[in-house]
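Remarks on the overall topology
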Amino acid sequence: MNILVAVKYVPDTDEIRIDEATGTMIREGIPGIINPLDLYAVEEALRLRERYGGKIVALSMGPPAAEAALREALSMGVDQAFLLTDRRFAGADTWATAYTLSRAAKKLGPFDLILCGERATDGETGQVGPELGAMLGLPVITYVSQIEELCPPSAKPGWIRCRRLTEEGYQRVETSLPALLTVVKEINEPRLPTFQGKLAARRARIHRLSLEDLDLKPQETGLEGSPTRVVKVFYPSLARATKMVNASPEKAVEEIVSFLREKALL
Amino acid sequence: MAEWHGVWIVAEQWQGELKRVSFELLGRARVLAEKLKAPLGAVLLGHKMKEAAQELIYHGADQVYLVDHPILFHFDPDAYANCLEFLIREERPAIVVAAATTTGRTLMPMMAARLGTGLTADCTELDIEEETGLLLQTRPAIGGNVMATIKTPKHRPQLATVRPRSHPPSERDSSRNGEIIEVSLPEELFKTRFKVLGFEKLGTEETRIEDADVVVCAGRGLGRPDSLNLVRELAKLLGGAIGGTRAVVDQGWLPYPCQVGLSGKTVSPKLYIACGVSGAIQHLAGMRGSRFVIAINKDPHAQIFRVADLAIVGDVNEILPRLIKRLRELKEHG
């Protein structure tokens, strides 16, 4: 089983603070980490490797600093890490990102399984995973909360059986391998890197791939290759006209009831 | 590019019933269609749903493209994507919007990839740019701390998914006229690499948290798992659902489908009551779109109070039993 895990380098939301005066987010000086929801994809890949053997490749696209995300994946135990980094990749939207990743997946593959986190905690689109799968022509199963059974490809084609979490409940679904899955937090509990893992990750080589390495044209990637354009960015204020009540429980209850009445919520 | 014309919604159904979000999409898309003086189409993929197609017309669609096939009863990524792609290439709508649900957020990225066009996720506002007629798509990112307006200037169609409950459903008007177009598509489009093996409904407690008008959320400030019964009771009295913070879910007090926040669900109910929730930024990301927020917390400096309309400083374990008693009295005596 050869597995590709796609990970993203994101700002650490634990470090984000709110500006008291304006009620908006302070972004400056926020350290970057591996997208926390990608840890579940890395962990699932490691568990599959323990069972079926094979190799795990972690792939990311971003500035050189995004190496940090790949080192986290390496410290957990993935075998190899590739960073797609090139000034001409900058400004890519989800489509151009997925397209660039798809070129790398073709170059580095074939893979039996591609795993992605459900979404990244910064952009929160959740689009790159399914776009990548569709671009590679793979069956896509999203929101996977459990891999029930897997038959690795050998003489016969492989297949996978998953549970996916939807609004109404768990859908159980089977598809052929190779496939792309996006996984939710419920799927596992990611391991913490060991000391040796961290040491090895620090020394490991991160392979960098550029536009030329992927045989891409500049107009196929980055901002130029992106169908969407951001036309405006603004920072909404968190604050509401808050009514503070610091009184006895009885008084508090009356305040709540009159609030509910006033807003026609009863 | 002039030939791409009209606004479409992708109606969403579950086991043969239209979901409320379909009517929300119609309400939103009607505004866009009128600004563009263009027709409003709806795509309905399912099995035996002709009556539902009529409902879509009563709720604002001018045309309903109805595809009927047993394989479409459940969401099947291959069959759904094949059908929708075929219809889009055939009819060339300028704008296609779907719900930002697990279905829409799977299907639409596949569409964007196959059609080579842009897609904006989880929009909370849609509008038409006057000079150009382009779709302006506004969406939150980084837990709602940043809003971005995005457009797709040169590619067609312009695709967006829209956050459920970010727009009221359109009104039903049974005098409205429209056309139901029963499309029969080539059988090869229904070929799929997926097999749906079954479905397990969520327990009543876990289900519909995204759809609930009222969400009562349990935080670590409850102190002990027993207190969850108070939260449950209050949710029941208000006809709402129970949610939990990450801390509460990680401790196993509530299952993951109840988790509200950046690594869980985003909810925007009419009323959100935070009980013993401190208000970490990751939690606020999942609930700040709520219409009204009441927060109860011992700590007067709790971050949750910043996003609350009514901030009650006090112990949830003292306040909730009294509140439940009072609401019960009101229910009995009016």
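Everything below is about the structure printed above this text.
Every value quoted in this text rests on a predicted model; they were computed, and no experiment measured them. (Residues numbered from 1 in each chain as written. Chains lettered and ligands numbered in written order. Predicted model: local features only at pLDDT ≥ 70, side-chain atom pairs only at ≥ 80, totals over all residues.)

A separate point is the sheet that holds strand β11 (residues 169-176) of chain A. Read across the sheet, ten strands follow the order β13(A)-β7(A)-β6(A)-β1(A)-β8(A)-β12(A)-β9(A)-β10(A)-β11(A)-β13(B) without closing on themselves; strand pairing throughout is mixed. Of all strands in the sheet, those bounded by a partner on one side alone are β13 (207-209) of chain A together with β13 (194-201) of chain B. When strand polarity is set aside, the average angle formed by the axes of neighbouring strands in this sheet is 30°. With three bridges connecting them, strand β7 (residues 80-84) of chain A and β13(A) associate as parallel partners. Looking across to β13(A), one finds that A:Leu83 is bridged to A:Arg208. Against the sheet, helix α4 (residues 128-135) of chain A makes contact with β1 (2-6), β8 (113-117), β9 (140-151) and β12 (179-183) of chain A, and its axis sits at roughly 175° relative to β12(A), the strand it touches most. (Pairing = 2+ DSSP bridges. Helix = DSSP H or I, 4+ residues; strand = E, 2+ residues; numbered from the N terminus. Axes fitted to C-alpha atoms, helices over the stretch in contact; angles between N-to-C directions. Contact = placed C-beta atoms within 7 Å.)

Residue and element names in this part refer to chain B. Overall, parallel pairing links the seven strands, which are arranged β7-β11-β6-β1-β4-β5-β12 in an open sheet. Looking at strand neighbours, the two that pair on one side only are β7 (119-123) and β12 (179-182), the edges of this open sheet. Taken pair by pair, the neighbouring strands of this sheet meet at an average axis angle of 20°, ignoring direction. Sheet topology places strand β5 (residues 63-68) next to β12; four bridges connect them, and they run parallel. The residue of β12 that forms the bridge with Gln63 is Glu179. Packing of helix α1 (residues 20-36) onto the sheet brings it into contact with β1 (7-10), β4 (40-46), β6 (95-99) and β11 (158-162), and relative to β1 it is tilted by some 175°. Packing against the sheet, helix α4 (residues 104-115) makes contact with β1, β6, β7 and β11, and its axis sits at approximately 170° to β11.

Counting residues at the interface gives 69 residues for chain A and 72 residues for chain B. When residues of the side of chain A that touches chain B are traced back to their parent elements, those giving at least two are α3 (94-108), α4, β9, β10 (159-165), β11, β14 (229-234), β15 (243-245) and α6 (249-262) of chain A. Note that β15(A) and strand β18 (residues 310-313) of chain B share three bridges and pair parallel. Looking across to β18(B), one finds that A:Lys243 is bridged to B:Leu310.

The quantities given are spatial measurements derived from coordinates; they are silent on function.
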